[in-house]
Amino acid sequence: MTSATEPDTWDWKQLQDTDRKVIWHPYSSASGNLDAYPVVSASGVRLKLADGRELIDGMASWWCAIHGYNHPVMNRALEEQLGQMSHVMFGGLTHPPAVKLASILVDLTPASLNRVFFSDSGSVAVEVAMKMALQYWHAQDKPQKQKLVALRQGYHGDTFGAMSLCDPVTGMHHLFGDVLPKHYFAPAPECAFDEPCSDADIKAMADLLEAHHQEIAAVIVEPIVQGAGGMRFYSPEYLVKLRALCDAFDTLLIFDEIATGFGRTGKLFAMEHAAVEPDILCLGKSLTGGYMTLAATMCNSRVADGISNKGVGAFMHGPTFMGNPLACSAALASTELLISLPWQRTVQRINAALKLGLEPARELPGVVEVRTLGAIGVIELEQAVDMRKIQPMFVERGVWIRPFGKLVYTMPPFIMNDEDIATLCAAMVDVLATLG
Ligand SMILES: *Cc1c(COP(=O)(O)O)cnc(C)c1O
């Protein structure tokens, strides 16, 4: 029961106990040995825990909350849409939030990408991209082109199609090996972001395409930043060379910008570092500023017309909650807000603060590399961290950092000020120093 001196203690414990019994958290065991921290509210860049503690959020809820939490502009957009309608089916019906959002996405992305297909999550946006590529070749009377090429250390989602494109090791192909469709994998690019990319750097990809292009429908990559598969940054020139290879071997090119889209790398979309246009583009995560789940798969006329003017004609996909008006309003508000702000300067400022704050980590034992790009800061370690040990250490220092494997990283909301970034980085350095 609640005691007079500790008003929130009981709630906290009760919530955690029930959570442990009935909930399955992402990538976790149901025998529940790692407790989840109850959050009761979030505002700006701070998460408020049930016990009253406040944490500076270094994760932006997995890259999404670019404007922070409880943002008045975002809140107003959703409240207004709620008064109109929260949902209607998208088959045969349309509505202003979807049309306005699709138009702004077409305006902001390269000119060739002029068609938008909405879905509910990033993984589904990738499934849709795969389906588009396969259906395209089917309609071109090349049904043998059904394989994709992805990069090692890549991540494209957790559903079966998307999982089949993830790094074969971290993507758990050994667990689902017989059921997962088999695709081709090229080595992760070795040329760093600020380096040129030689022909040797892309030779394995070129060889793969040369040998198998007759069965290859598309190449899919996360441009510039390989996110959840390793937080690696690579040379824009790789994308220039990749586009040329795809053209030479008559293969579609898919960019998965689900993590990198909407300013995170310093450009509105990471592909702009290379000025390369894909045939198909996947968006998600920060599309709605982290308010709702929504994703989009965009394509050019070659793909849209290629599917629509031949073969079965219709594109064979249509999620129940497709184009959800609330989610589209959130995405529209978030995107309009972003481009109304001097976000380039903001991301540059965050980059400088991350560089400064993470610099001392270079001196720590067990640190392999410290790297930053845009509003992303990464400390790569020699060995995987012990989550049971490290997670409470961050919480005790008043920050929310959730490492995975050998990577302790942050991608803060864009509204975070330099002082909070300094606190965040100091906590990362301090925790790693303490762990030795
Ligand atoms: C997160 C992510 C996905 C999957 O998105 P979900 O919304 O989690 O399904 C796909 N690709 C990339 C690059 C991602 O970062």
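Owing to the predicted nature of the structure, the values given are computational and were not obtained by experimental measurement.

Draft legend 1. How the structure looks around helix H14 (residues 418-435). For H14, built from 18 residues, the straight-helix expectation of 26 Å at 1.5 Å per residue is met to within 8% by its first-to-last C-alpha distance of 26 Å. Turning to H14, its buried residues number three or more, namely Asp 420, Ile 421, Leu 424, Cys 425, Ala 427, Met 428, Val 429, Val 431 and Leu 432. Sitting at the amino-terminal end of H14 is Asn 417, which places a side-chain oxygen 3.2 Å from the backbone nitrogen of Glu 419. Immediately downstream of H14, the backbone of Gly 436 shows phi near 65°, a positive value.

Draft legend 2. Layout of the environment of Phe 233. Among the secondary structure elements, Phe 233 is positioned in strand S9 (residues 232-233). Since its relative accessible area comes to 12%, Phe 233 is described here as buried. Through-space distance from the C-alpha of Phe 233 to that of Cys 191 is 8.7 Å; in sequence the pair is 42 residues apart. If we skip the residues at most four places from it in the chain, Phe 233 touches Cys 191, Ala 192, Phe 193, Ile 224, Val 225, Arg 371, Thr 372, Leu 373, Ile 376 and Val 378.

Draft legend 3. View of the UniProt feature "modified residue: N6-(pyridoxal phosphate)lysine" (unreviewed entry) in the protein. Here the UniProt feature "modified residue: N6-(pyridoxal phosphate)lysine" (unreviewed entry) sits at Lys 285. As for its position among the elements, Lys 285 is in the loop between strand S11 (280-283) and strand S12 (295-300). Taking the relative accessible area as the measure of exposure, Lys 285 reaches 27% and is therefore partly exposed.

Draft legend 4. Here's a closer look at helix H4 (residues 96-108). With 13 residues, H4 should cover 18 Å at 1.5 Å per step; its first-to-last C-alpha distance of 18 Å lies within 8% of that length. Considered for burial, the residues of H4 that qualify are Pro 97, Ala 98, Leu 101, Ala 102, Ile 104 and Leu 105. Along the axis of H4, the buried positions cluster into a sector of 165°, meaning they face one direction only. Seen from the open side of H4, the exposed residues pointing more than 90 degrees away from its buried face are Lys 100 and Asp 107. Looking at the buried residues of H4, the elements they touch are helix H3 (72-84), strand S4 (113-119), S11, S12 and helix H11 (325-340).

Draft legend 5. The packing of aromatic side chains, seen in detail. Considering all chains together, one arrives at eight aromatic pairs under this definition. A ring pair is formed by Phe 404 and Tyr 409, whose centres lie 5.4 Å apart and whose planes are at 75°; its orientation type is edge-to-face. Aromatic rings pair up to connect Trp 12, Tyr 37 and Trp 400 into one cluster. Sitting above the plane of the Trp 137 ring, Lys 145 keeps its charged end 4.7 Å from the centroid.

Draft legend 6. Main features of the site of the ligand. Close to the ligand lie Ser 121, Gly 122, Ser 123, Tyr 155, His 156, Gly 157, Glu 222, Asp 256, Ile 258, Ala 259 and Lys 285. Within the contact set of the ligand, a nitrogen atom lies 2.7 Å away from a side-chain nitrogen or oxygen of Asp 256. Take Lys 285: an N or O atom from its side chain is 2.5 Å from an oxygen atom of the ligand. When the residues that make up the shell around the ligand are grouped by side-chain class, the tally is three nonpolar, five polar and three charged.

Draft legend 7. Layout of the sheet that holds strand S16 (residues 407-410). Sheet architecture is open: three strands sit in the order S13-S14-S16, paired in antiparallel fashion. If you trace the sheet from one side to the other, it starts and ends with strand S13 (367-373) and S16, each paired once. Each neighbouring strand pair of the sheet contributes to a mean axis angle of 10°, computed without reference to strand direction. Pairing of S13 with strand S14 (residues 376-381) involves six bridges; the strand directions are antiparallel. Residue Val 370 lies in a different strand from S14, and its bridge partner there is Ile 379. Sheet contacts for helix H12 (residues 343-358): S13, S14 and S16; angle to S13, the most-contacted strand, approximately 165°. Against the sheet, H14 engages S14 and S16, with an angle of about 170° to S16.

Draft legend 8. Looking closely at the domain arrangement of the protein. Domains assigned within the protein are domain 1 (12-70 + 342-434) and domain 2 (74-340). One C-alpha centre belongs to domain 1, the other to domain 2, and the line joining them spans 27 Å. When the two sides are added together, the surface that domain 1 and domain 2 hide from each other amounts to roughly 2400 Å², 69% of it contributed by carbon and sulfur. Looking only at domain 1, the three residues that lose the most surface to domain 2 are Trp 63, Trp 343 and Leu 373, adding up to 33% of its buried area. Taken together, domain 1 and domain 2 are joined by zero salt bridges. Inspection of the domain 1/domain 2 interface yields ten residue pairs in polar contact (both at pLDDT 80 or more). For the side of domain 1 that touches domain 2, the secondary structure elements donating two or more residues are helix H2 (60-63), H12, S13, S14 and S16.

Draft legend 9. Spatial organisation of the pairing of S12. S12 sits mainly inside the fold: six of its six residues count as buried. Neither face of S12 is open: one carries Ala 295, Thr 297 and Cys 299, the other Ala 296, Met 298 and Asn 300, and all of them are buried. Where S4 meets S12, six bridges bridge the pair, whose relative direction is antiparallel. The residue bridging Phe 118 from the neighbouring strand is Ala 296, located in S12. In this structure, S11 lies alongside S12, joined through four bridges in antiparallel fashion. Bridge pairing in S12 places Leu 281 opposite Met 298.

Procedures and definitions
- Residues numbered from 1 in each chain as written.
- Predicted model: local features only at pLDDT ≥ 70, side-chain atom pairs only at ≥ 80, totals over all residues.
- Heavy atoms only, no water.
- Helix = DSSP H or I, 4+ residues; strand = E, 2+ residues; numbered from the N terminus.
- Expected span 1.5 Å × (residues − 1).
- Buried < 20%, exposed > 50% of the residue type's maximum accessible area, 1.4 Å probe, protein only.
- Polar contact = N/O pair within 3.5 Å; in protein donor to acceptor, adjacent residues only side chain to side chain.
- Contact = heavy atoms within 4.5 Å.
- UniProt positions renumbered as here; feature names shortened; annotations may be inferred.
- Arc of directions from axis to C-beta.
- Phe/Tyr/Trp six-rings, centres within 6.5 Å; stacked < 30°, edge-to-face > 60°.
- Lys NZ or Arg CZ within 6 Å of the ring centre and 35° of its normal.
- Near = heavy atom within 4 Å.
- Nonpolar A, V, L, I, M, F, W, Y, C, P; charged D, E, K, R; others polar.
- Pairing = 2+ DSSP bridges.
- Axes fitted to C-alpha atoms, helices over the stretch in contact; angles between N-to-C directions.
- Domains from an automatic or database assignment.
- Buried area = accessible area lost by both parts, 1.4 Å probe.
- Salt bridge = Lys/Arg side-chain N within 4 Å of Asp/Glu carboxyl O.

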